[in-house]
Amino acid sequence: MTRLDFVHGNRRVFALGGFLLCSAVLASSVVLVASPKSQAPKNDARKAIRNGPRSSQPTAEEASVFLADAESRLLDLGVKASHANWVQENFITEDTEQIAADANQALNALSVDLAKKAQRFDGVKLPPLMARKMLLLKLAAGFPAPSEPADQKELAQVLASLDGDYGRGKWCPDGANAKCLDVTAVSKLMAESRDEAELKRAWIGWHAVGAPMRDRYARMVQLGDKGARELGFADAGALWRSNYDMPPDEFAKEVDRLWGQLQPLYLSLHAYVRGQLAKKYGSVVPANGPIPAHLLGDIWAQEWNNVYPLMDSPKPEQSYDLTKILQDRHTDAHGMVRYGEGFFTSLGFAPLPKTFWERSLFTKPADRDVVCHASAWDVDSKDDLRIKMCIQITQEDFVTIHHELGHNFYQRAYNTQPVLFQNSANDGFHEAVGDTIALSVTPEYLKKLGLIETVPAASGDIDYLLQQALSKIAFLPFGLTIDKWRWEVFSGEIKPDQYDKAWWDLRLKYQGVAPPVARSEADFDPGAKYHVPANVPYMRYFLARILQFQFQRALCREAGYTGPLHRCSIYENKEAGRRLNEMLALGASKPWQDALATLTGEHQMDATAIADYFAPLKVWLDEQNKKNNYPVGW
């Protein structure tokens, strides 16, 4: 199965449909822990179902045995693949890539085989929980390899090589024999530099990482589409969109509906930021056109919080610099993670296991390449929780750690569910839980930790909300565009000779950004974003940006909070923790609509919580745009 990471962390998972079946988070069911004597008859039945002649009319009993066998086999191969991938991402060599490719090939082949065999039980009346398991198993291929062994092997090798290419990716500004910068170093440069020429050079240098991937990526698409068609889907994109407890076309419409709710706030923010950047960079920034992508403080222009110092929002009298505070206190990587753990224990969750501290990767090793992209893992479906992250002592990483641990505590909450239910209600939920926790990293929370002495007055709320919007709201169209592009690639609407043009056409349409220099089909700019070569579905991040505010509004209500939503932190509130855990413990055992209702009482995703959170900022942005004659749109 293809390997999937979550942005800003997320565990390494193997997508079994849209409901992610984590190779590392599969738990035992009753069948798996039965005694050898009681297990023997079921083993005989399993062998008969696997290998023997099948009756023309399968029964519910056969389906039960089939599902138990499937979960047992997926657990076994999944845990092996998880170990292989942990090693590959922490020790990037040709050998570890091959080991990971072999493990993933075996897991991918099994998931596709089981998905096909599950179709035999179509029409059999099953109890609701069994029927849901069968549905998830049918969707289990994620990015399915075709049934031909040679194709399976090729797909696994292509995926491993693309992942490795990104992990080894560097920009060498003075030539390959001089000092080279990896993605972390390039990110730091683009976050801090205000030299337009240097930013352009770094942007071009990093985006060159993608070009060698183009042909292999196109081949990956061919193989994934072939596998998806064998399972009865139009293409791999249709399979991905089938993972949300609604038909694929309905889900696409739901995404468009949500974007319609969000677009006005984004347009106001875009107009204001463009006007502010023009004050710094002059005519490089068009007055009413797209923003040049290299000027937004991020390699991919996906989040704009690093250009905050260029904004003229009203600064509070008691402002603070959390990065400086943490560094002045000589906080180390372990100390950063301890703060995150303390948040969860304050809600009533048990502390992280000892092995978490022994086996996680917290800092970038000096002697080897690793994939630094932050991720959270559950390696054995029991209690082997880990994060893999090259932590820097910054405000951004302080927040990211809280997010990452949200994944880990979610994983542990549902680890008593049967194997096929050991996942989030939909993939957006996993991201949203981590982000919801991060929303509680408020000044009030920092004061309780003793990191600041005084909470800034309400007069500084606009400044705080602007900082949040530069991250949360700026990201929304980017989060939408990644999979909009891939859905059209998988469907064949975008041909390989149009990859880069279509990429920038969509980014212009939704995000209002443009490349700093002319691009051609010799480039492959999507490959410079981790989730494309790693083949990680991205819609989860768009959904998470919506769900997190919906979750936060409900948790703050549960905590009895009545003030402005952006001031709420659920730190130390056991009732909010209890309500959150009720939803987490469900895993994927129920449709996401039911899980959402467990926490919020609502059955539909709703962006009005974002409007509630940012309401004061929207008024202020509109006033600033009018006052400064900043045009809206591009």
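The sections below set out a description of the structure shown in this document.

A two-sided burial pattern is seen for strand 5 (residues 375-378), the buried positions comprising S375 and W377 on one face and A376 and D378 on the other. As judged from the four bridges shared by strand 5 and strand 6 (residues 385-388), these two strands associate in the antiparallel manner. Bridge pairing links A376 to I387 in strand 6. Turn length for the strand 5-strand 6 hairpin, with the two strands adjacent in sequence and antiparallel, is six residues, and the turn residue S381 shows positive phi of about 65 degrees.

By secondary structure assignment, the location of S346 is in helix 12 (residues 333-346). For S346, a relative accessible area of 9% translates into the label buried. From its side chain, S346 meets the backbone nitrogen of E572 in a polar contact 2.9 Å long. Ignoring sequence-local partners within four residues, the contact set of S346 consists of Y571, E572, N573 and K574.

Time to look at the pattern of salt bridges. According to the stated counting rule, one finds 49 salt bridges in the structure shown. The partner of R486 in a salt bridge is D483, and the shortest N-O contact between them spans 2.8 Å. One end of the pair, R486, and the other, D483, are both in helix 17 (residues 461-491), three residues apart, so they sit about a helical turn from each other. The burial state of R486 is the same as that of D483; both residues are buried. Each of E558, E575, R578, R579 and E582 takes part in a single network of salt bridges with overlapping partners.

This next bit is on the packing of aromatic side chains. What the rule picks out here adds up to 41 aromatic pairs. Arranged with centres 6.4 Å apart and planes meeting at 65 degrees, the rings of F251 and W487 form a pair that is edge-to-face. Taken together, the residues F251 in helix 10 (residues 248-281) and W487 in helix 17 connect sequence positions 236 residues apart. Here F251 matches W487 in class, with each residue buried. Consider the rings of F478 and Y538, whose centres lie 5.9 Å apart with planes at 85 degrees: the pair is edge-to-face. Of this pair, F478 sits in helix 17 while Y538 sits in the loop between strand 7 (513-514) and helix 19 (539-558), placing them 60 residues apart in sequence. Just as F478 is buried, Y538 falls in that class too. Following the ring pairs from residue to residue traces out a cluster consisting of F343, F344, F349, F409, Y445 and Y571.

Further remarks concern the state of the cysteines. Taken as a whole and judged by the stated rule, the model has three disulfides. Paired through a disulfide, C372 and C390 show a sulfur-sulfur distance of 2.0 Å. Of note, the bridge from C372 to C390 carries an S-S torsion of about -75 degrees and is left-handed in sense. Of this pair, C372 sits in the loop between helix 13 (354-359) and strand 5 while C390 sits in the loop between strand 6 and helix 14 (395-413), and the two are 18 residues apart along the sequence. Overall, C372 belongs to the buried group, its relative accessible area being 13%.

This next bit is on the nonpolar core. Membership of the largest hydrophobic core comes to 167 residues, with the highest contact counts inside it found for W485 and F542. Take this core: its biggest share by element is 17 residues, from helix 17. In contact with F542, not counting residues within four places along its chain, are V255, L258, W259, L262, F475, L476, G479 and L480. In terms of nonpolar packing, the next biggest core, distinct from the first, is built from 20 residues, F66, A70, A84 and L114 among them.

Phi at A301 takes a positive value of approximately 55 degrees, unusual for a residue other than glycine. Relative to the assigned elements, A301 resides in the loop between strand 4 (291-292) and helix 11 (322-328). By relative accessible area, A301 is classed as buried at 0%. We note that H330 has phi near 55 degrees; this positive angle belongs to a residue other than glycine. The class of H330 is exposed, set by a relative accessible area of 70%.

Mapped onto the fold, K382 is located in the loop between strand 5 and strand 6. Classification of K382 by relative accessible area gives exposed; the value is 55%. Between the alpha carbons of K382 and N415 there is a distance of 6.5 Å; along the sequence they are 33 residues apart.

Rules used throughout
- Residues numbered from 1 in each chain as written.
- Predicted model: local features only at pLDDT ≥ 70, side-chain atom pairs only at ≥ 80, totals over all residues.
- Heavy atoms only, no water.
- Buried < 20%, exposed > 50% of the residue type's maximum accessible area, 1.4 Å probe, protein only.
- Helix = DSSP H or I, 4+ residues; strand = E, 2+ residues; numbered from the N terminus.
- Pairing = 2+ DSSP bridges.
- Polar contact = N/O pair within 3.5 Å; in protein donor to acceptor, adjacent residues only side chain to side chain.
- Contact = heavy atoms within 4.5 Å.
- Salt bridge = Lys/Arg side-chain N within 4 Å of Asp/Glu carboxyl O.
- Phe/Tyr/Trp six-rings, centres within 6.5 Å; stacked < 30°, edge-to-face > 60°.
- Disulfide = S-S within 2.5 Å.
- Core = buried A, V, L, I, M, F, W, Y, C linked by side-chain atoms within 4.5 Å.

None of the figures reported here should be taken as evidence of function without further support.
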